[in-house]
Amino acid sequence: MIVKTTGPPDSKIFFLGEAPGEIEEQTGLPFQNMHGAGKTFNLILSQNGINRRDVRIRNVAMRRPTANNMSHFFYDSKCTVPKPELVMWIEQLRMELEESRPNVVVAMGAYALWALTGMKKISEARGYVVESTLVPGLKVIPTYHPQAINYEWKLFPVTVFDVRKAVYHSNSPDIPKDKTQYVAPAAFEMFMDYMDNILKARKRFAFDIEAHIGTAYPYLLGIADSAHFGMSFYNMKNNSSTMNTRQEAQLWQKLGELGRHCEVIMHNASYDKAVMWYHHGVLFENVWMDTLIAMHVIFPEFPRDLGFVGSIMLDVQPWKNLSKVDAAVYNVLDAIRTFAIAEPLEKELIKQKMEKTFNFEMSMLDPAIMMQLTGVKVDNERRLQLLDENAEQTRAVKLELDSQFKREINFNSSKQMQQLLYYELGLEPQFKRRKSVEQTRVMTTDAKAMKKLARKYPNHPWLTKILDYKKLLKLNGFLSAEPSPEGRYHTSYNITGSATENEGRKSFGRWSSSESIILTYGPGNLQNVPPIARKTYRADDGKIFVQADMRQAEAVIVAHLIGDTRLQHFFKMAFTASAEEQAKYDVHKLTASLMFEVDYDLITPEMRRVGKTLRHACSYSAGPEVVANALGIEISEAKILLNLYHKANPLLKVWYQIIQNELRTTRTLTTPLGRKHRFLDIWGDKLFRSAYSYLPQSTIGDFLNESMRILYDRFCEAGLEIVMQLHDALYVQCDNNQEAISDTMTKMAECMVRPITIGFEEFIIGVDFKVGTHWGDMDDKDILEIEEVEE
DNA sequence: GATTTTACGTA
DNA sequence: CGTACGTAAAATCT
């Protein structure tokens, strides 16, 4: 059946889909299936106050393709040569649009965009106003297809934004004129004059660099002093300077003055500011706004790249495609767009009342840059020795496994592992957990599955041997990283969290750590270095690490979030108790005592272990399988333990309900420290569990970072060296003597032991200290001990 | 050669 | 039906 256009012909907004689905084919109406794309489509409209009866809707194709696959309408698999039927429909579409002349067409999906503009990639134009080539002069705003949103729900709010933009554009047929002007690239004198004018007027400007991969040495500098004008300048071409020595000195001198006297806007200042300081000694002292940070604070669940921000904040043509065509133009447009988004971002920050969190994140730029550029010293002798030992052990285990299987097997290959375990040896196949029952089961040979198999087949001891072997291989990766010529490892601390576009795009406010692209030495992420590899990280000569981590941070926060006054009291007593009395305040023993209704003093180590596991698991709403795996017991036993835990801690489930109710209206949670997050997953358990973990995780991360900033502000100028950050722990290095250690611990305690307020309750999280010359080899140190030394 | 999937290290 | 993060190697796509 043919599915025709619906809606009033004089509608100023026109929605174009790709092809009808099954239900649409039956009803003859586009986007009519109320359980699939149609439902999502309606939801997008209703979020923008639109009624579908008031808008024109059609698909490019008017008949359902075989297997719902658009390639059916093309001769080739790459979908470049359309068959006559599709050509005819596109011609019909052209006539229809010529006749009704809507002010804007929303192109939903890649084929709709292709039919209207010839463009193929939705990601390159999504959210931007582009002109149709099919009907010249007609405005097109591309966005995702509703069915794509059904597959990836995180796309939903972005699409709502795009349609909102289309609604705005439906008021007029005019294509917005781009007033942008630039000089790219500018000659040396012109660029210097431009900077001079900005300097004299003390103007605010946006700054952006392009730099060589590997060295991060900048070759192109872009400056914009308004939302419509900027210049870029090549300081390097073909690996050599474009200037003579005198000019070069003048350039960096002038930029340095700008950095001192003018406010600057950057997108990802962590990088640009660090590079300019590191390579040219140019210090931008007044970063007025890092637009990446602003974006992170306002929309932590959205992508943050400049192209995306531009698409939702500005009315300009897409420019990211220029990066490979004309670097100078691309660079200056980046600077101009950065300037342009700052104003709407500032408005949004005020509107959402998020200035405090924004200023807080901005204030962490300097500590983060400092830590990246300083790095940590590597004990290379120790590293090589550990590497040798590791290689030795790896060889031994490999030999055993080889003789077991009589052939080479790549144990890192999931395919070969499945072949071996499930087909050749006929072990019971293990499957990954599915997101929903409809999904097909995927086989796995991951560590969890292997452990389960090892329990099931105790006569196959090689199962655990494979795990040992893989562990050694993994460790080898950490130990293999070469230190810098100065003998150091570096990492980039990312204030705005995840850089990778993971599913759901979570960012809970904790810092992430990744490979430094300025100083590319070390295993990259420093926050997942295993204990053995930590032995290679050492304090500088004559120095020692002081580690301070927040004691039981997560458990304390959860106790206050759920309003467990008994536990709150217990933690309070633990905090004030003397060193000898600490044994009386073991939260895991308390948990076990409540679960098993046994006297606190009679709790065995085994019972304590169960208590610890259960508290941890239940804080995040884990299920019986996880508990069973963690304790190495049967699922039925785990279920009993879970019941016991919830009976002893009834408030937890009450809190789960409260969180769900809070999410229901706006899907947004606000932490006790004022950070907001909107949860965009499909409504259900996965979303809930993510939300349960958000509040404690984010609060601890923010609290520790607050402490770090206070420490940095108060003591770093006077020589205190912060070296590492690990979510709930801080590492500082100081002179290796009692007095310096004691002084450092006192300073850290002063900054870290501060009251937190949740609800009406104010409380304090204690700090545990450890001291050592090597990260992997730290000894407990009680601050009371130190005070005694001082006395 | 580029992108996606699988697995795994830490908090 | 713990979650958050980044990276290496294998698998898969083009």
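Conventions used here
- Each chain has its residues counted from 1, following the order in which its sequence is written.
- To read the labels, note that chains go from A and ligands from 1, taken in the order they are written.
- Under the rules for a predicted model, residues below a pLDDT of 70 receive no local features and side-chain atom pairs below 80 are neither given nor counted, while totals for whole chains, interfaces and linings still include all residues.
- The side-chain values count all of the structure's non-hydrogen atoms but skip hydrogen atoms and water molecules.
- Proximity criterion: a residue is near a molecule or strand once any of its heavy atoms comes within 4 Å of it.
- Any N or O atom pair separated by 3.5 Å or less is treated as a polar contact, with the protein-specific requirement of one donor-capable and one acceptor-capable atom, and with residues adjacent in sequence counted only for side-chain atom pairs.
- Per the convention used, a helix needs a DSSP run of H or I reaching at least four residues, while a strand needs a run of E reaching at least two, with both numbered from the N terminus.
- Note on classification: 1.4 Å probe, protein chains only; a residue is buried when its accessible area is under 20% of the maximum for its type, exposed when over 50%, partly exposed between these limits.
- In short, DSSP must find at least two bridges between two strands for them to pair.
- Any residue that is not Ala, Val, Leu, Ile, Met, Phe, Trp, Tyr, Cys, Pro, Asp, Glu, Lys or Arg is counted as polar, Gly included; the first ten are nonpolar and the last four charged.
- We call a set of buried Ala, Val, Leu, Ile, Met, Phe, Trp, Tyr and Cys residues a nonpolar core when their side-chain atoms join them within 4.5 Å.
- Should any heavy atoms of two residues lie within 4.5 Å, those residues are considered in contact.
- Throughout, an axis means a line fitted to C-alpha atoms (over the contacting stretch in the case of helices), and angles, computed between N-to-C directions, take values from 0 to 180 degrees.
- Left-handed is the label given to a crossing in which the near helix is rotated counterclockwise from the far helix by less than a right angle, and right-handed is the label when the rotation is clockwise.
- Take the residue count of a helix, subtract one, and multiply by 1.5 Å to get its expected span.
- We define a salt bridge as a contact between a side-chain nitrogen of Lys or Arg and a carboxyl oxygen of Asp or Glu at a distance within 4 Å.
- To sort the angles, those under 35 degrees are grouped as roughly parallel, those over 145 as roughly antiparallel, those from 65 to 115 as roughly perpendicular, and the leftovers as oblique.

## A word on the protein's contact with DNA strand C
At step 1: Looking at DNA strand C, there are 31 residues lining it, with Asn410, Ser413, Arg433, Lys506 and Val626 nearest.
At step 2: Across the atoms of DNA strand C situated within 4 Å of the protein, the share located in sugar and phosphate is 85%.
At step 3: A distance of 3.4 Å is found between a phosphate oxygen of DNA strand C and a backbone nitrogen or oxygen belonging to Ser507.
At step 4: Within the contact set of DNA strand C, a phosphate oxygen lies 2.9 Å away from a side-chain nitrogen or oxygen of Ser690.
At step 5: Among the secondary structure elements, those contributing two or more residues to the surface near DNA strand C are β17 (512-514) and α28 (685-716).

## A short note on the pairing of strand β19 (residues 543-550)
At step 1: A large share of β19 lies buried, amounting to 7 of its 8 residues.
At step 2: Pairing between β19 and strand β23 (residues 729-735): 7 bridges, direction antiparallel. By the bridge assignment, Asp549 is partnered in β23 with Ala729.
At step 3: Strand direction decides the pairing type here: β19 and strand β26 (residues 767-774), joined by 6 bridges, are antiparallel. Paired with Val546 across the bridge in β26 is Val771.

## Focus: the protein's contact with DNA strand B
At step 1: Surrounding DNA strand B, one finds 21 residues, the nearest of these being Ala447, Asn528, Pro531, Arg534 and Asp728.
At step 2: Within 4 Å of the protein, the contacting atoms of DNA strand B are drawn from sugar and phosphate to the extent of 84%.
At step 3: Here a phosphate oxygen of DNA strand B sits 3.0 Å away from a polar atom, N or O, in the side chain of Thr444.
At step 4: Between DNA strand B and Asn528 there is a distance of 2.9 Å, counted from a base nitrogen to a side-chain nitrogen or oxygen.
At step 5: Elements with a minimum of two residues in the surface near DNA strand B: α19 (462-480) and α20 (531-534).
At step 6: In terms of residues, the surface near DNA strand B owes the most to one element, α19, which gives 3 residues.
At step 7: A per-class count over the surface near DNA strand B returns 6 nonpolar, 7 polar and 8 charged.

## Examining the nonpolar core
At step 1: Core analysis: the biggest nonpolar cluster contains 232 residues, and Phe15, Phe207, Ile223, Leu251, Leu255, Phe284 and Leu614 have the highest contact counts within it.
At step 2: Each residue touching Leu614, except ones within four places of it in the same chain, is listed here: Met595, Val627, Leu631, Leu641, Leu642 and Tyr645.
At step 3: Counting 20 residues, the second largest nonpolar core, distinct from the first, contains Phe405, Ile409, Phe411 and Leu472.

## Observations regarding unusual backbone geometry
At step 1: For the bond running from Ala184 to Pro185, omega is 0 degrees, close enough to zero to count as cis.
At step 2: Residue placement: Pro185 occurs in the loop between β6 (181-183) and α8 (188-200).
At step 3: The backbone of Phe31 shows a phi angle near 55 degrees, a positive value even though the residue is not glycine.
At step 4: Mapped onto the elements, Phe31 comes out in the loop between α1 (22-27) and α2 (37-47).
At step 5: The class of Phe31 is buried, set by a relative accessible area of 1%.
At step 6: Backbone geometry at His727 places phi at a positive 65 degrees, although glycine is not the residue there.

## Focus on the environment of Val55
At step 1: Here Val55 shows up in the loop between α2 and β2 (56-59).
At step 2: Each C-alpha atom of the pair Val55 and Phe14 lies 6.2 Å from the other, and the pair is 41 residues apart in sequence.
At step 3: Those residues in contact with Val55, other than ones at most four positions away along the chain, are Thr6, Gly7, Pro8, Ser11, Ile13, Phe15, Leu45 and Ile50.

## Some remarks on the sheet that holds strand β12 (residues 264-266)
The pairing of strands in a sheet comes from backbone hydrogen bonds and takes either a parallel or an antiparallel form.
At step 1: One open sheet accounts for 6 strands, arranged β6-β9-β8-β7-β12-β13; its pairing is mixed. Two strands in the sheet have a free side with no partner beyond their single neighbour: β6 and β13 (287-290). Strand-to-strand, the axes of this sheet are offset by a mean angle of 25 degrees, without reference to chain direction.
At step 2: Bridging between strand β7 (residues 205-211) and strand β8 (residues 218-224) involves 6 bridges; their strand directions are antiparallel.

## A short note on the sheet that holds strand β3 (residues 104-108)
At step 1: The strand order across the open sheet formed by 5 strands is β2-β1-β3-β5-β4, and the pairing between neighbours is mixed. In this open sheet, the two strands that pair with only one neighbour each are β2 and β4 (130-131).
At step 2: In the sheet, β3 pairs with strand β5 (residues 139-143) via 5 bridges, with the strands oriented parallel. Across the sheet, residue Met108 finds its bridge partner in β5, namely Thr143.
At step 3: Against the sheet, helix α3 (residues 84-100) touches β1 (13-17), β2 and β3, its axis set at about 165 degrees to β2.

## Thoughts on the packing of helix α22 (residues 565-576) against helix α23 (residues 587-596)
Between two packed helices, the angle of one axis relative to the other and the distance separating the axes together describe the packing.
At step 1: Contact geometry for α22 and α23: axes closest at 11 Å, N-to-C directions at 145 degrees. In the packing of α22 onto α23, the handedness of the crossing is right-handed. Across the interface between the two elements, Arg566, Leu567, Phe570 and Phe571 of α22 pack against Val587, Leu590 and Leu594 of α23.

## As for helix α7 (residues 155-169)
Note that an α-helix has 3.6 residues per turn; residues three or four places apart therefore point the same way.
At step 1: With 15 residues, α7 extends 21 Å between its outermost C-alpha atoms, agreeing within 8% with the 21 Å of an ideal straight helix rising 1.5 Å per residue.
At step 2: Across the 15 residues that make up α7, a large majority, 11, are buried.
At step 3: If you check which residues of α7 are buried, you get Leu155, Phe156, Pro157, Val158, Thr159, Val160, Asp162, Val163, Lys165, Ala166 and His169.

## Notes on the environment of Leu479
At step 1: Here Leu479 lies in helix α19.
At step 2: Judged by relative accessible area, which is 1%, Leu479 ranks as buried.
At step 3: Expressed as a C-alpha distance, the spacing of Leu479 and Asn380, which sit 99 residues apart in the sequence, is 9.8 Å.

## With respect to the pattern of salt bridges
At step 1: Evaluated as defined, the whole model comprises 39 salt bridges.
At step 2: For the salt bridge of Glu343 with Lys347, the shortest nitrogen-to-oxygen distance reads 3.7 Å. Of this pair, Glu343 and Lys347 both sit in helix α13 (residues 327-351), 4 residues apart, which is roughly one turn of the helix. Here the two residues Glu343 and Lys347 agree in accessibility, since each one is exposed.
At step 3: Arg714 serves as the salt-bridge partner of Glu750, at 2.8 Å between the closest nitrogen and oxygen. In this pair, Glu750 is assigned in helix α29 (residues 738-752) and Arg714 in helix α28, connecting sequence segments 36 residues apart.
At step 4: By relative accessible area, Arg714 is classed as partly exposed at 45%.

## Quick look at the packing of α3 against helix α4 (residues 110-117)
At step 1: For the pair α3 and α4, interaxial distance at closest approach is 10 Å and the crossing angle is 70 degrees. On the basis of the axis angle, α3 is roughly perpendicular to α4. α3 and α4 meet at a crossing whose hand is right-handed. Contacts between α3 and α4 involve Leu86, Ile90, Leu93 and Leu97 on the former and, on the latter, Trp114, Ala115 and Leu116.
At step 2: Taken together, the residues of the contact of α3 with α4 sort by class into 7 nonpolar, no polar and no charged.

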